[in-house]
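What the coordinates show
As a plain string of letters, each chain reads:
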Amino acid sequence: MCATCGCSDQASDQVIHNHHSSRQREINLEKDILQENNLRAQRNRGYFEAKNIFAVNLVSSPGSGKTALLERTIALLDDVPLYVIEGDQQTTNDADRIKRTGAPVVQINTGNGCHLDAEMIHQALHQLEPVDHSLVFIENVGNLVCPALFDLGEAHRVVIMSVTEGEDKPLKYPNMFATSQLCLINKTDLLPYVDFDVERSKNYALQVNPSLKFIETSATDGTNLSKWCEWLNHHLRVPH
Ligand SMILES: Nc1nc2c(ncn2[C@@H]2O[C@H](COP(=O)(O)OP(=O)(O)OP(=O)(O)O)[C@@H](O)[C@H]2O)c(=O)[nH]1
Ligand SMILES: [Mg+2]
């Protein structure tokens, strides 16, 4: 959790401040940060629901293909008003890539932080001003740990696991898989070259979250991107 690992500016200040205090105070501080975040996330959720906006939080380890999937998805969903919020510690690289697709995008740099939080999303929404009945993609910071703890107010969390990462990620980082509704298994074009058993990875993920759904994708050759777009279109149509 960020208050102890020092990855959040706000949290690390507090931890330094409390350096000589008890573990109990650290735990209380973690609770406070999460409670405050949850309140803000609920406000974001109310905003999304009032405007019938479908917000999707994309989470994964670094480099699993979140931005590549977004680039392809934006091209395929050319009749849907959509917006992107990019989260990275540094650089505008991902926002620059999204900008080239023509989609409105805001880049958040988290500095020492390793996750997006609900207040950051609130600020980004002020800049984007998404229209009613639109789709808002949030690409979280590449990290399978801390982003799992921070509700952003999204309707759905989608975890991306690429076949170059090893099948055991759901067992090693269970919170992320437990709190997601859909898992994209990406880079399937590389399956002939890597030792990755798709069925075993799904079984591991189902041990953590029995209701998790899966789509096996390749952002490179386009495999199953139509299924992914169908999933998005379905959720755009039904109340979230
Ligand atoms: N072979 C293959 N490569 C892919 C696929 N998807 C993404 N890549 C490559 O994987 C690398 C990382 O892709 P990104 O889209 O930047 O990954 P990301 O998850 O957005 O990375 P961060 O934002 O840094 O966490 C790039 O070199 C992509 O071209 C895929 O389906 N197949
Ligand atoms: Mg990215």
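Because the structure is a prediction, the values reported are computed rather than measured.

This next bit is on the layout of surface pockets. By rolling a water-sized probe across the atoms, one finds the places where empty space is left. The calculated volume of the second largest pocket comes to roughly 170 Å³. If you go around the second largest pocket, you meet 14 residues; those closest to its centre are Pro 62, Gly 63, Lys 66, Asp 88 and Asp 94. Contributing elements (two or more residues each) for the lining of the second largest pocket: α4 (66-76), β2 (82-88) and α5 (93-99). Split by residue class, the lining of the second largest pocket holds 2 nonpolar, 7 polar and 5 charged.

The next thing to look at is the site of ligand 1. If you check the shell around ligand 1, you find 19 residues, and the closest are Lys 66, Thr 67, Ala 68, Asp 189 and Ala 219. Take Lys 66: an N or O atom from its side chain is 2.7 Å from an oxygen atom of ligand 1. Between an oxygen atom of ligand 1 and a side-chain N or O atom of Ser 218, the distance comes to 3.5 Å. When the free accessible area of ligand 1 is taken as 650 Å², the share hidden by the protein chains comes to 71%. Elements with a contribution of two residues or more to the shell around ligand 1: α4 and α5. With 3 residues, the single largest contributor to the shell around ligand 1 is α4. Grouping the constituent residues of the shell around ligand 1 by class yields 4 nonpolar, 8 polar and 7 charged.

Given a rise of 1.5 Å per residue, 28 residues ought to cover 40 Å, and the 41 Å separating the end C-alpha atoms of helix α3 (residues 23-50) matches this to within 8%. Looking only at α3, the buried set comprises Glu 26, Leu 29, Glu 30, Ile 33, Leu 34, Asn 37, Ala 41, Asn 44, Arg 45 and Phe 48. Directly beyond the C-terminal end of α3, a positive phi value near 50° is found at Asn 52.

The next subject is the packing of aromatic side chains. Each aromatic ring pair is summarised here by two numbers: the centre-to-centre distance and the angle between the ring planes. According to the stated counting rule, one finds 3 aromatic pairs in the structure shown. Judged by centre distance (6.0 Å) and plane angle (50°), the rings of Phe 54 and Trp 231 are tilted. Of this pair, Phe 54 sits in strand β1 (residues 54-60) while Trp 231 sits in helix α10 (residues 225-237), and the two are 177 residues apart along the sequence. Take Phe 54 and Trp 231: they sit in the same class, and that class is buried.

Okay, the packing of α3 against helix α6 (residues 118-128) next. Contact geometry for α3 and α6: axes closest at 8 Å, N-to-C directions at 35°. Between α3 and α6, the residues in contact are Asn 37, Arg 40, Ala 41, Asn 44, Tyr 47 and Phe 48 and Ala 118, Glu 119, Ile 121, His 122 and Leu 125, respectively. When grouped by side-chain class, the residues that make up the contact of α3 with α6 number 6 nonpolar, 3 polar and 2 charged.

For the rest of this paragraph, the subject is the coordination of the magnesium ion (ligand 2). Coordination of the magnesium ion (ligand 2) by the protein comes from Thr 67 (OG1), Asp 94 (OD) and Glu 139 (OE), over a distance range of 2.1 Å. Counting gaps between the donor residues of the magnesium ion (ligand 2) yields the pattern T-x26-D-x44-E. One end of the pair, Thr 67, is in helix α4; the other, Asp 94, is in helix α5, with 27 residues separating them in the sequence. A residue is classified by how much of its surface remains accessible, and Asp 94, at 11% relative accessible area, is buried.

Another aspect to go through is the pattern of salt bridges. Taken as a whole and assessed by the stated rule, the structure comprises 12 salt bridges. In this structure, Arg 40 and Glu 36 form a salt bridge, with 3.3 Å as the shortest nitrogen-oxygen distance. Linking Arg 40 with Glu 36, this pair stays in helix α3, spanning 4 residues, or about one helical turn. Looking at Arg 40, the relative accessible area reads 26%, which means it is partly exposed. Among the ionic pairs, Arg 45 bridges to Asp 151, the shortest N-O distance being 2.9 Å.

What follows is about the pairing of β2. Among the 7 residues in β2, 7 count as buried, and that is most of the element. Burial along β2 is two-sided: the face carrying Leu 82, Val 84, Glu 86 and Asp 88 and the face carrying Tyr 83, Ile 85 and Gly 87 are both buried. As paired strands, β2 and strand β4 (residues 135-139) are joined by 5 bridges and run parallel to one another. Bridging across to β4, Tyr 83 finds its partner in Val 136.

The rules behind the values
Residues numbered from 1 in each chain as written. Chains lettered and ligands numbered in written order. Predicted model: local features only at pLDDT ≥ 70, side-chain atom pairs only at ≥ 80, totals over all residues. Heavy atoms only, no water. 1 Å grid on protein atoms, 1.4 Å probe; cavity = no way out; pocket = protein on both sides within 12 Å on 5 of 7 lines; lining within 4 Å. Points joined across faces, edges and corners; volume = space filled by probe spheres on them. Helix = DSSP H or I, 4+ residues; strand = E, 2+ residues; numbered from the N terminus. Nonpolar A, V, L, I, M, F, W, Y, C, P; charged D, E, K, R; others polar. Near = heavy atom within 4 Å. Polar contact = N/O pair within 3.5 Å; in protein donor to acceptor, adjacent residues only side chain to side chain. Areas by Shrake-Rupley, 256 points an atom, 1.4 Å probe, with all protein chains shown as cover. Expected span 1.5 Å × (residues − 1). Buried < 20%, exposed > 50% of the residue type's maximum accessible area, 1.4 Å probe, protein only. Phe/Tyr/Trp six-rings, centres within 6.5 Å; stacked < 30°, edge-to-face > 60°. Axes fitted to C-alpha atoms, helices over the stretch in contact; angles between N-to-C directions. Contact = heavy atoms within 4.5 Å. Donors = N, O, S within 2.8 Å, 3.2 Å for Na, K, Ca; no water. Salt bridge = Lys/Arg side-chain N within 4 Å of Asp/Glu carboxyl O. Pairing = 2+ DSSP bridges.

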